[in-house]
Amino acid sequence: MTGVLAELARTFALLSLVSIGGVNALLPEIHRQVVDIHGWMTDQAFATAFAIANASPGPNVIFVSLIGWQVAGLAGLLVATLALLIPSSVLAYFAGRVLTRWSHHPAVGLLRDALIPVALGMMLASGLSMMRTVDHDVVTVLISLATTVFVYTTRRNPLWALGSGAIVNVAALHFS
Amino acid sequence: MQHDPSATPRRNISKAELFFGFLKIGLLGFGGVAPWARHIIVEERRWLSDREFAEILGIGQVLPGPNTINAAVIIGDRNQGIVGVLLCLLGQMAMPLVIVTLLAVVYDRVAAIPEVGAALIGAAAASAGLVLGTALKMIRNIRPTPLSYAIGAAGFAAIGLLRWPLVPVVLVLVPTAIAATWWERRK
């Protein structure tokens, strides 16, 4: 048991340091480690865990937490989660400190202004890639587009759009 | 740092506000946390302006680790130091961890019901729209310069349309963005 926990910690701590773009960008490597190298999960169990993590709220780190849970219960969940979070968070902590400390330096201002369009471009790209993964018929495409307009034009709680999307798609199941 | 007229006056956000704010972000964060983080932080609680939020998200994006986790680290530290960091991370992770474990326990029984699948897909389709609508709203509020538009569009095309791998795209795009911003300011 301790061996498995140590191996979980080592695997995800290393992945943490290369996880630019978050967990989704690491998906192929996580699959390779968890299914092919360590044999902790079958291919099917891996896909199911991914579906469950996607249906849950929260950062997609919880996919890794769920792998830990399936492999070694509560201890596995904690070890996998902390292993993935601590290295990158320590780095973000010091990077944030440096940037705040030197916030009046022109180079830091330049860097921050330069990163804004990068963040916005990535966010648009992630919306599109979610549409491509999820939307397989006219109804779901319309739900995505209607939500885009709703969020863009109002300040209302987006939960209304998510609830409506769920209801519309269930209704479509019955009327088609 | 550029002066930003829309920026809210600086005040320290309390430990309880940070924890409960991020607890709500985690709990609501279906299909990606960033839009919910913006909804709570910029629109609901007004901790940051759109520009400040985009700056922090941009830093969180190019560092390793999930962008909203990195943003939570930076926001927590700026307001309440290391304790703030821990509260923001705990807040953002607590409910999702409980929910994902509960879902894993009931999944096999529930997944066979067609309505459940349809509802999840409908909500996920809406989440995609939530991400797109949020990004468009941020672009409208931040009003990027023409060159910034070009950089953002190039990043979107490379990752979203051409589906190139993220790391090399970031390695090329960030220096280009810095050079472009520097050049645009010199004029």
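Here the focus is the overall build of chain B. Broken down by element type, chain B carries 7 helices and 0 strands. Secondary structure of chain B in N-to-C order comes out as α-α-α-α-α-α-α. Its C-alpha atoms give chain B principal-axis dimensions of roughly 65 × 45 × 25 Å. Looking at chain B residue by residue over its 187 residues, the buried ones come to 54%. Contacts in chain B between residues far apart in sequence, at least 24 positions, make up 56% of those at least 6 positions apart.

What follows deals with the overall build of chain A. Looking only at helices and strands, chain A features 7 helices and 0 strands. Ordered by position in the sequence, the α and β elements of chain A form the string α-α-α-α-α-α-α. Over its C-alpha atoms chain A spans a radius of gyration of 20 Å, topping by over 25% the 16 Å that the globule rule assigns to 176 residues. Each principal axis of the C-alpha atoms in chain A carries an extent, and together these give about 55 × 50 × 25 Å. Burial status across chain A gives 48% buried among its 176 residues. Put simply, 49% of the contacts in chain A that link residues at least 6 apart link residues at least 24 apart.

Attention now goes to the interface of chain B and chain A. Residue-level contacts link 90 residues of chain B with 84 residues of chain A. Every element with two or more residues in the side of chain B that touches chain A is listed here: helix H1 (15–28), helix H2 (34–44), helix H3 (50–62), helix H4 (67–110), helix H5 (114–142), helix H6 (146–161) and helix H7 (166–186) of chain B. Counted by class, the side of chain B that touches chain A contains 59 nonpolar, 25 polar and 6 charged residues.

Residue and element names in this part refer to chain B. Assignment of secondary structure puts Asn-79 in helix H4. Linking Asn-79 and Leu-18, residues 61 residues apart in sequence, is a C-alpha distance of 8.6 Å. In this structure, Asn-79 is in contact with Asn-12, Ile-13, Leu-18 and Gly-84, ignoring residues within four places of it in sequence.

All names here are of chain B. Counting through the fold element by element, Arg-78 comes out in helix H4. Classification of Arg-78 as buried rests on a count of 20 C-beta atoms within 10 Å. Separated by 48 residues in the primary sequence, Arg-78 and Ala-126 place their C-alpha atoms 33 Å from one another.

The periodicity of an α-helix, 3.6 residues per turn, causes residues three or four places apart in sequence to face the same way. Spanning 16 residues, helix H2 (residues 22–37) of chain A covers 21 Å between terminal C-alpha atoms, matching the ideal 22 Å at 1.5 Å per step. Of all the bends in H2 of chain A, the greatest measures close to 55 degrees and is centred on Pro-28 of chain A. Buried residues of H2 of chain A: Gly-22, Val-23, Leu-26, Ile-30 and Val-34 of chain A, and no others. On its buried face, H2 of chain A sits against helix H1 (2–17), helix H3 (43–55) and helix H4 (62–101) of chain A together with H4 of chain B. Phi turns positive one or two residues past the end of H2 of chain A, at Gly-39 of chain A, with a value near 60 degrees.

As a packed pair, helix H5 (residues 106–134) of chain A and H5 of chain B sit with axes 9 Å apart at the nearest point and diverge in direction by 160 degrees. It follows from the interaxial angle that H5 of chain A and H5 of chain B lie roughly antiparallel. Crossing of H5 of chain A against H5 of chain B: the hand is left-handed. Touching Ile-116, Leu-120, Met-123, Leu-124, Ser-126, Gly-127, Met-130, Met-131 and Val-134 of chain A of H5 of chain A are Ile-121, Ala-124, Ala-125, Ser-127, Ala-128, Val-131, Leu-132, Ala-135, Met-138, Ile-139 and Ile-142 of chain B, all from H5 of chain B. Counted by class, the contact of H5 of chain A with H5 of chain B contains 17 nonpolar, 3 polar and no charged residues.

Once that is clear, we can look at the domain arrangement of chain B. Domain annotation of chain B identifies domain 1 (15–143) and domain 2 (145–187). Using only C-alpha atoms to locate each centre, domain 1 of chain B and domain 2 of chain B end up separated by 24 Å.

The next point concerns the domain arrangement of chain A. Annotation of chain A at the domain level lists domain 1 (1–101), domain 2 (104–134) and domain 3 (135–176). Between domain 1 of chain A and domain 3 of chain A, the C-alpha centre-to-centre distance is 31 Å.

In this section: H6 of chain B. Its 16 residues place the ends of H6 of chain B 21 Å apart at the C-alpha level, agreeing with the 22 Å of an ideal helix rising 1.5 Å per residue. Listed in full, the buried residues belonging to H6 of chain B are Ser-148, Ile-151, Gly-152, Gly-155, Phe-156, Ala-158, Ile-159 and Gly-160 of chain B. On its buried side, H6 of chain B packs onto H5 of chain A together with H7 of chain B. Downstream of H6 of chain B by one or two residues, Arg-163 of chain B has phi in the positive range, about 55 degrees.

Moving on to the confidence of the model for chain B. All names here are of chain B. Taken as a whole, chain B shows an average pLDDT of 89; of its residues, 95% reach a score of 70 or greater. Mean pLDDT across the elements of chain B bottoms out in H7 (90) and peaks in H1 (96). Throughout residues 1–9 the model reports pLDDT below 50, and contacts reaching past four residues in sequence, or to other chains, amount to 13 contacts. Interface predicted TM-score (ipTM) for the complex: 0.86; the corresponding pTM is 0.85.

Reading the values: the criteria
Residues numbered from 1 in each chain as written. Chains lettered and ligands numbered in written order. Predicted model: local features only at pLDDT ≥ 70, side-chain atom pairs only at ≥ 80, totals over all residues. Helix = DSSP H or I, 4+ residues; strand = E, 2+ residues; numbered from the N terminus. Buried ≥ 20, exposed ≤ 12 C-beta atoms within 10 Å, placed from the backbone. Contact = placed C-beta atoms within 7 Å. Rg over C-alpha atoms; globule rule 2.2 N^0.38 Å. Nonpolar A, V, L, I, M, F, W, Y, C, P; charged D, E, K, R; others polar. Expected span 1.5 Å × (residues − 1). Bend = angle between axes of the 7 residues up to and from the residue. Axes fitted to C-alpha atoms, helices over the stretch in contact; angles between N-to-C directions. Parallel < 35°, antiparallel > 145°, perpendicular 65-115°, else oblique. Left-handed = near helix turned anticlockwise from the far one by under 90°. Domains from an automatic or database assignment. pLDDT = per-residue confidence, 0-100.

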